[in-house]
Amino acid sequence: MNIILFGAPGAGKGTQAKRLVEARGLVQLSTGDMLRAAIDAGTELGLRAREIMDRGDLVSDEIILGMIAERMDSPDCANGVILDGFPRTVAQAEGLDAMLEERDLALSHVIEISVDENALFARIENRAAETGGSRADDNAETLRKRLAVYHENTAPLLPYYDGKGLLKTVDGMVSIDEVGQAIDEILG
Ligand code: AMP
């Protein structure tokens, strides 16, 4: 089972992905986590990505697709993956389609976690407090930029996946457990 969790920054994709990892033995592939790991490790990619992430822009499609392709071939991904924060552009979605086709794999579901954007500012503030401000992009100014980038580059993927009959939307404004239940109902 290969799933995309889709939604604006702070919608709860990471939280729900972690739930699915525990419940279903799937592997979470979060491009944001991979980039943050590269920054922590001080790699050249990390150095290049840091500035882009701190201002809320997108890292290049080429880098992102390369990272995902490398991970997808790991044996632990054979059971299926939960894509969290990827794809974020139409080019990434097309790249993913090609990557899956080459491996004779397919997407099972694209689940959008829909949220009220005004509520995201409070959520991001909470996350910053909980994580001791470890994410430099968890602040109101960068969130505004990330939301603008989301609308311009990522939201067009909703009709892309809807057209393929894969898109389902859940209400992300209810409790974590209730969002999880709604996702479970879709996945069966
Ligand atoms: P996230 O943890 O998913 O919110 O991602 C944090 C930041 O990493 C984003 O604001 C982007 O700068 C970068 N990033 C993560 N995933 C992608 C992606 N699929 N495409 C481009 N940039 C990404």
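Everything below is about the structure printed above this text.
Now for a quick tour of the structure.

**Remarks on unusual backbone geometry**
Okay, so step 1: For the peptide bond that leads from Phe86 to Pro87, omega is -5°, which places it in the cis range.
Okay, so step 2: Mapped onto the elements of the fold, Pro87 is located in the loop between strand S3 (81–84) and helix H5 (90–102).
Okay, so step 3: Even without glycine at this site, Asp104 takes up a positive phi of about 60°.
Okay, so step 4: Tracing the backbone through its elements, the reader meets Asp104 in the loop between H5 and strand S4 (109–114).
Okay, so step 5: For Asp104, a relative accessible area of 72% translates into the label exposed.

**Things to note about the packing of helix H6 (residues 117–130) against helix H7 (residues 140–154)**
Okay, so step 1: As a packed pair, H6 and H7 sit with axes 10 Å apart at the nearest point and diverge in direction by 135°. Relative to H7, the element H6 lies oblique. Handedness of the crossing formed by H6 with H7: right-handed. Across the interface between the two elements, Glu117, Leu120, Phe121, Ile124 and Arg127 from H6 touch Ala140, Leu143, Arg144, Arg146, Leu147 and His151 from H7.
Okay, so step 2: Residue classes in the contact of H6 with H7 are distributed as six nonpolar, one polar and four charged.

**What to know about the nonpolar core**
Okay, so step 1: The biggest cluster of nonpolar side chains holds 51 residues, and the ones touching the most others in it are Leu96, Tyr161 and Ile183.
Okay, so step 2: The dominant element in this core, judged by the number of residues it contributes, is helix H4 (residues 61–72), at five residues.
Okay, so step 3: With residues up to four places along the chain from it excluded, the contact list for Ile183 reads Leu5, Gln16, Leu20, Ile111, Ile113 and Val170.

**Quick look at the environment of Leu5**
Okay, so step 1: With respect to the element layout, Leu5 can be found in strand S1 (residues 3–6).
Okay, so step 2: Judged by relative accessible area, which is 2%, Leu5 ranks as buried.
Okay, so step 3: Along the sequence, Leu5 and Gly85 sit 80 residues apart, while their C-alpha atoms lie 7.3 Å from each other.
Okay, so step 4: The contact partners of Leu5, leaving out residues within four places of it in the chain, are Lys13, Gln16, Ala17, Leu20, Ile82, Leu83, Asp84, Gly85, Ile111 and Ile183.

**Observations regarding the sheet that holds strand S5 (residues 167–171)**
Hydrogen bonds between backbone atoms are what pair the strands of a sheet, whose relative direction is either parallel or antiparallel.
Okay, so step 1: With parallel pairing, the five strands of this open sheet are ordered in space as S2-S3-S1-S4-S5. Among the strands making up the open sheet, the edge pair consists of strand S2 (27–30) and S5. Across the sheet, the mean angle from the axis of one strand to that of its neighbour is 25°, orientation sign disregarded.
Okay, so step 2: Pairing geometry for S4 and S5, over five bridges, is parallel. Each bridged residue has a counterpart across the sheet, and for Glu112 the counterpart in S5 is Thr169.

About the thresholds
Residues numbered from 1 in each chain as written. Predicted model: local features only at pLDDT ≥ 70, side-chain atom pairs only at ≥ 80, totals over all residues. Heavy atoms only, no water. Helix = DSSP H or I, 4+ residues; strand = E, 2+ residues; numbered from the N terminus. Buried < 20%, exposed > 50% of the residue type's maximum accessible area, 1.4 Å probe, protein only. Axes fitted to C-alpha atoms, helices over the stretch in contact; angles between N-to-C directions. Parallel < 35°, antiparallel > 145°, perpendicular 65-115°, else oblique. Left-handed = near helix turned anticlockwise from the far one by under 90°. Contact = heavy atoms within 4.5 Å. Nonpolar A, V, L, I, M, F, W, Y, C, P; charged D, E, K, R; others polar. Core = buried A, V, L, I, M, F, W, Y, C linked by side-chain atoms within 4.5 Å. Pairing = 2+ DSSP bridges.

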